[in-house]
Amino acid sequence: LTSVRPKVSLVSGHTSAPKISTHHQGIRRRGAMVTRAMAEDDSVVEPTRRGLLQSGMLVAGASVMLPSLPARANRLVSSDWELVDLPVQPGVVLLDAGFTGTDPNHGFLLGTKQTLLETFDGGKTWEPRSVAAAVEEGFNYRFNSISFNGDEGWIVGKPAILLHTTDGGKNWERIPLSSKLPGTPQIITALDGPGAAEMTTDQGAIYVTSNAALNWTAAVQETVDATLNRVISSGISGASYYEGSFSTVARSNSGDYVAVSSRGNFYMTWTPGQTYWQPHNRPVTRRLQGMGFVGEDKLWATFKGGDLYIGDRDKEDSFKQVRIGSRGFGILDVNFVNPDVGYACGGSGSLFKTVDGGKTWKRDKSTDDIAANLYEIKFSQTGNGLILGNDAILLRYTGSA
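Note that the structure is a prediction, hence the values are computed from the model and not measured.

Re the overall build of the protein chain
Then, in step 1: When its secondary structure is counted, the protein chain shows 2 helices and 33 strands.
Then, in step 2: Expressed as a percentage of its 401 residues, the buried residues of the protein chain come to 58%.
Then, in step 3: Considering only residue pairs separated by 6 or more positions, the protein chain has 55% of its internal contacts joining residues 24 or more positions apart.
Then, in step 4: Here the protein chain has roughly 16,100 Å² of accessible surface; of this, 49% comes from carbon and sulfur atoms.

Looking at unusual backbone geometry
What is expected of a backbone is that most residues other than glycine have negative phi and most peptide bonds are trans.
Then, in step 1: Following K158, the chain continues to P159 via a peptide bond in cis, the omega torsion being -10°.
Then, in step 2: On the secondary structure map, P159 appears in the loop between β12 (152–158) and β13 (161–165).
Then, in step 3: In the Ramachandran plot, K113 falls in the positive-phi region, its phi being about 55° despite a non-glycine side chain.
Then, in step 4: Structurally, the position occupied by K113 is in the loop between β8 (107–111) and β9 (115–119).
Then, in step 5: Even without being a glycine, D391 presents a positive backbone phi close to 55°.
Then, in step 6: As for its placement among the helices and strands, D391 is situated in the loop between β32 (385–389) and β33 (394–397).

Remarks on the packing of aromatic side chains
Then, in step 1: Scanning the model with the defined rule gives 15 aromatic pairs in all.
Then, in step 2: Relative to Y309, the ring of F303 lies with its centre 5.3 Å away and its plane at 75°, an arrangement referred to as edge-to-face.
Then, in step 3: Residue F303 is classed as buried on the basis of its relative accessible area, which comes to 0%.
Then, in step 4: Judged by its relative accessible area of 12%, Y309 falls in the buried class.
Then, in step 5: Centre to centre, the rings of F379 and Y397 are 5.4 Å apart; their planes meet at 90°, and the pair counts as edge-to-face. Here F379 is found in strand β31 (residues 374–380), whereas its partner Y397 is found in strand β33, with 18 residues between them in sequence. Each member of the pair, F379 together with Y397, is buried.
Then, in step 6: Cluster of aromatic residues (ring-pair linked, three or more members): W81, Y343, F379 and Y397.

Some details on the side chain of T201
Then, in step 1: Structurally, T201 can be placed in strand β16 (residues 197–201).
Then, in step 2: Since its relative accessible area comes to 0%, T201 is described here as buried.
Then, in step 3: A distance of 2.7 Å separates a polar atom in the side chain of T201 from the backbone oxygen of P182.
Then, in step 4: Not counting residues within four places of it along the chain, the set of residues in contact with T201 comprises L181, P182, G183, T184, P185 and Q186.

As for the pattern of salt bridges
Then, in step 1: Evaluation of the coordinates by the stated rule reveals 11 salt bridges.
Then, in step 2: A salt bridge links R251 to E198, with the shortest nitrogen-to-oxygen separation between them at 2.8 Å. Here R251 is found in strand β19 (residues 246–251), whereas its partner E198 is found in strand β16, with 53 residues between them in sequence. In terms of burial, R251 and E198 fall into one category: buried.
Then, in step 3: For D256, the salt bridge identified is with R313, shortest N-O distance 2.9 Å. Of this pair, D256 sits in the loop between β19 and β20 (257–261) while R313 sits in the loop between β25 (307–312) and β26 (320–322), and the two are 57 residues apart along the sequence. Considered together, D256 and R313 belong to a single accessibility category, that of buried residues.

Structural notes on the nonpolar core
Then, in step 1: Counting 17 residues, the largest nonpolar core has W81, Y343, F379, I387 and L395 as its most contacted members.
Then, in step 2: Only β6 (81–83), β28 (342–346), β31 and β33 provide two or more residues apiece to this core.
Then, in step 3: Element by element, the count of residues in this core is highest for β31, at 3 residues.

Observations concerning the side chain of N149
Then, in step 1: For N149, the location among the structural elements is in strand β11 (residues 142–149).
Then, in step 2: On the basis of relative accessibility, which here comes to 14%, the residue N149 falls in the buried class.
Then, in step 3: In this structure the side chain of N149 is engaged in a polar contact, spanning 3.0 Å, whose partner is the backbone oxygen of L191.

Some thoughts on the sheet that holds strand β30 (residues 362–363)
Then, in step 1: In space, the 4 strands of this open sheet follow the order β27-β28-β29-β30, with antiparallel pairing throughout. Where the open sheet ends on each side, the last strands, each with one partner, are β27 (331–336) and β30.
Then, in step 2: The sheet contact formed by β28 and strand β29 (residues 351–354) spans 4 bridges and is antiparallel. Bridge pairing in β29 links Y343 to K353.

Digging into the confidence of the model for the protein chain
Then, in step 1: Scored by pLDDT, the protein chain has a mean of 83; 78% of the residues are at 70 or more.
Then, in step 2: Confidence drops under pLDDT 50 across residues 1–8; counting only partners more than four residues distant or on other chains, this segment forms 23 contacts.

The rules behind these values
- Residues numbered from 1 in each chain as written.
- Predicted model: local features only at pLDDT ≥ 70, side-chain atom pairs only at ≥ 80, totals over all residues.
- Heavy atoms only, no water.
- Helix = DSSP H or I, 4+ residues; strand = E, 2+ residues; numbered from the N terminus.
- Buried < 20%, exposed > 50% of the residue type's maximum accessible area, 1.4 Å probe, protein only.
- Contact = heavy atoms within 4.5 Å.
- Areas by Shrake-Rupley, 256 points an atom, 1.4 Å probe, with all protein chains shown as cover.
- Phe/Tyr/Trp six-rings, centres within 6.5 Å; stacked < 30°, edge-to-face > 60°.
- Polar contact = N/O pair within 3.5 Å; in protein donor to acceptor, adjacent residues only side chain to side chain.
- Salt bridge = Lys/Arg side-chain N within 4 Å of Asp/Glu carboxyl O.
- Core = buried A, V, L, I, M, F, W, Y, C linked by side-chain atoms within 4.5 Å.
- Pairing = 2+ DSSP bridges.
- pLDDT = per-residue confidence, 0-100.

Given below as structure tokens:
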């Protein structure tokens, strides 16, 4: 596709246009929700799209409890974090977590290999679940993102899949997506109001629905490819080498986005109401690895070699390096519990803490023996905190900040 039309039906047979909402509830990042397209992928057998995809009908499925692996006690690794034992096989990459809006201790954990876990105690213990609506011959889904508004929740994954619940995850229905959807769904955000959600793909398409995904409205009026072809002479270094997808995408609580190009040579931003994504040169010449929000007015950026920069979101030349002592390990995510206390995580179990809003950082050596990359830091409005990694590594926040 070379453009995204303002109004599209991603589910066949529906034509009415929804209104756009902008509020998000459930687990949130202070400043951002981040999803990574670069995390380890699963193999996909050549599919035979039978039944529901051919008919375009919804398929309901209960969330079924699966047999658990033998459980071990969680291990406290520091005054702030404990290592949670999960009932899954090693090799799973954890990708997202979300808590319902009606019970702050009730949530779900997602990952590769169709991993879906449920907790009722704030993440201390988890039980595996299987969604019948996601079972299809030949597919091993990777669940990328989950979001709740009250008891209404959404899950998206790869290959392209959309699941919807209205009862806190007791039952999920499968909503087929059009084969013309640009890219793979990376972020789903439950918006304010029944049936309202926003879906973002790794090719920069942003769609909004207000009628439980019967149809969608495109918030961005052209694809990222089309935008770059139009502005390629504007001085954006590396735009001509763009491969058509983002490596990371982050969403702020107010609905703004920042995304890193697949080659890490520039980044793009989008604010609700803008017609298309805005391209920006990277602050330094090293490969850009990830970006996200610090509050609503600043951005953090990480680069190859473990460098961390923080700057104003509207000023490319405002980014300043902060000393973090990464020892060369890549920094993959940054998130804050409150305006002062925050954490950064990365390769080989690297974990860092700041208590002054990101001006200075100190390495948390308690995680040095964790043989895994730590990909994502999540904090909910009610105080639940999780760090997600590969090889089924999950850290739960036990601090009091």
